Amino acid sequence: MEPIEINAGNHYLRALRADDRLDDRPALVSAFADEAMRRWIYHYSVPDLEAAGRYVALRTREWADDERCSWAVAEPTTGELLGEVGLKNLDLDAGTAEVACWTHPRVRGRGIMTEAIGAATRFGFGALELKEIRYAHAEGNTASARVAHKCGFTLLGQLPGQTEVDGQPAPLVVWRLRL
């Protein structure tokens, strides 16, 4: 599937880019250098522009392979990267996916991700005809828990030892949203 742009209200969702017109790589490097990002999103390392280019290429490939719909959450007048939202672990036959998201540290706490997740889930339920979207985060990630609650997800429970925090096994908190 090809990347689709979405008007999310105060922001817009677009594909991550690294080209001569718009380059998200510097913002990716600075976001992933943040201590909180490294704590909660430990499975990605984006220490430099080269790694950021690979990250953008990965997201492009995942779109093409129907594995993940991933959007840069962008400021509408400048295109500045404010975060990323996506529907990962897409199973179009079963009608399921999982939300994945992060917000750049300089714009956290402004409701940007709540708006972006709302737009992404509407796309999932409408365009992709999903029946259920899950949201999972490590226990203790109170920002993710607040966002899940604000977006209307229902808490399902915890899966012990299914993720990692500070190099140690940690429970994964799982939420669900249905049509």
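Computed from a prediction, not measured in an experiment: that's the story for all the values here.

A. Quick peek at the environment of Gly79. With respect to the helices and strands, Gly79 occurs in the loop between strand 3 (69–74) and strand 4 (81–91). Here Gly79 is in contact with Tyr12, Arg14, Leu22, Asp24 and Ala74, once residues within four sequence places are set aside.

B. Representation of helix 4 (residues 112–126) in the model. When the terminal C-alpha atoms of helix 4 are compared, their 21 Å separation across 15 residues agrees well with the 21 Å that a helix rising 1.5 Å per residue should span. The element helix 4 is largely enclosed, with a buried count of 11 among its 15 residues. The complete set of buried residues in helix 4 reads Ile112, Met113, Ala116, Ile117, Gly118, Ala119, Ala120, Thr121, Phe123, Gly124 and Phe125.

C. Structural context of the side chain of Glu84. Assignment of secondary structure puts Glu84 in strand 4. Among the polar contacts made by the side chain of Glu84, one reaches the side chain of Arg59 at a distance of 2.7 Å. A distance of 2.4 Å separates a polar atom in the side chain of Glu84 from a polar atom in the side chain of Ser70.

D. Quick peek at the packing of aromatic side chains. One pass over the full model with this rule turns up 6 aromatic pairs. An angle of 70° between the planes, with centres 5.4 Å apart, marks the rings of Phe32 and Trp102 as edge-to-face. Here Phe32, found in helix 1 (residues 25–32), pairs with Trp102, found in strand 5 (residues 96–103); they are 70 residues apart in sequence, far enough to count as distant. Pair check on accessibility: Phe32 and Trp102 agree, each one buried. Here a set of aromatic residues connected by ring pairs shows up, and it is made of Phe32, Tyr44, Tyr55 and Trp102.

E. Region of the structure containing the nonpolar core. Residues Leu13, Trp71, Val85, Leu87, Ile117, Tyr135 and Phe153 are the most contacted members of the largest nonpolar core, which totals 34 residues. Sorting the residues of this core by element identifies strand 3, strand 4, strand 5, helix 4, strand 6 (132–138), helix 5 (142–150) and strand 8 (168–178) as the ones contributing at least two each. The element that contributes the greatest number of residues to this core is helix 4, accounting for 8 residues. In this structure, Leu13 is in contact with Ile4, Glu5, Ile6, Ala8, Trp71, Ala72, Val73, Val85, Ala116, Ala119 and Ala120, ignoring residues within four places of it in sequence.

F. Structural context of the sheet that holds strand 8. One open sheet accounts for 8 strands, arranged 1-2-3-4-5-6-8-7; its pairing is mixed. Two strands in the sheet have a free side with no partner beyond their single neighbour: strand 1 (6–7) and strand 7 (154–165). Pairing between strand 1 and strand 2 (residues 12–14): 2 bridges, direction antiparallel. Bridge assignment links Ile6 to a residue of strand 2, and that residue is Leu13.

G. Here's a closer look at the packing of helix 1 against helix 3 (residues 49–64). Contact geometry of helix 1 with helix 3 gives a least axis separation of 9 Å together with a crossing angle of 105°. In terms of orientation, helix 1 and helix 3 fall into the roughly perpendicular class. Across the interface between the two elements, Arg25, Pro26, Leu28, Val29 and Phe32 of helix 1 pack against Leu49, Ala52, Gly53, Tyr55 and Val56 of helix 3. By residue class, the composition of the contact of helix 1 with helix 3 is 8 nonpolar, 1 polar and 1 charged.

H. Looking closely at the pattern of salt bridges. Counted according to the given criterion, the structure contains 15 salt bridges. Two residues, Asp24 and Arg14, come together in a salt bridge whose shortest N-O distance is 2.8 Å. Of this pair, Asp24 sits in the loop between strand 2 and helix 1 while Arg14 is found in strand 2, placing the two residues 10 residues apart along the sequence. On the basis of relative accessibility, which here comes to 1%, the residue Arg14 falls in the buried class. Look at the salt bridges and you will find they share partners, linking Glu132, Arg134, Arg176 and Arg178 into a network.

Parameters at a glance
Residues numbered from 1 in each chain as written. Predicted model: local features only at pLDDT ≥ 70, side-chain atom pairs only at ≥ 80, totals over all residues. Heavy atoms only, no water. Helix = DSSP H or I, 4+ residues; strand = E, 2+ residues; numbered from the N terminus. Contact = heavy atoms within 4.5 Å. Expected span 1.5 Å × (residues − 1). Buried < 20%, exposed > 50% of the residue type's maximum accessible area, 1.4 Å probe, protein only. Polar contact = N/O pair within 3.5 Å; in protein donor to acceptor, adjacent residues only side chain to side chain. Phe/Tyr/Trp six-rings, centres within 6.5 Å; stacked < 30°, edge-to-face > 60°. Core = buried A, V, L, I, M, F, W, Y, C linked by side-chain atoms within 4.5 Å. Pairing = 2+ DSSP bridges. Axes fitted to C-alpha atoms, helices over the stretch in contact; angles between N-to-C directions. Parallel < 35°, antiparallel > 145°, perpendicular 65-115°, else oblique. Nonpolar A, V, L, I, M, F, W, Y, C, P; charged D, E, K, R; others polar. Salt bridge = Lys/Arg side-chain N within 4 Å of Asp/Glu carboxyl O.

Interpretation in functional terms is not warranted from these geometric data alone.
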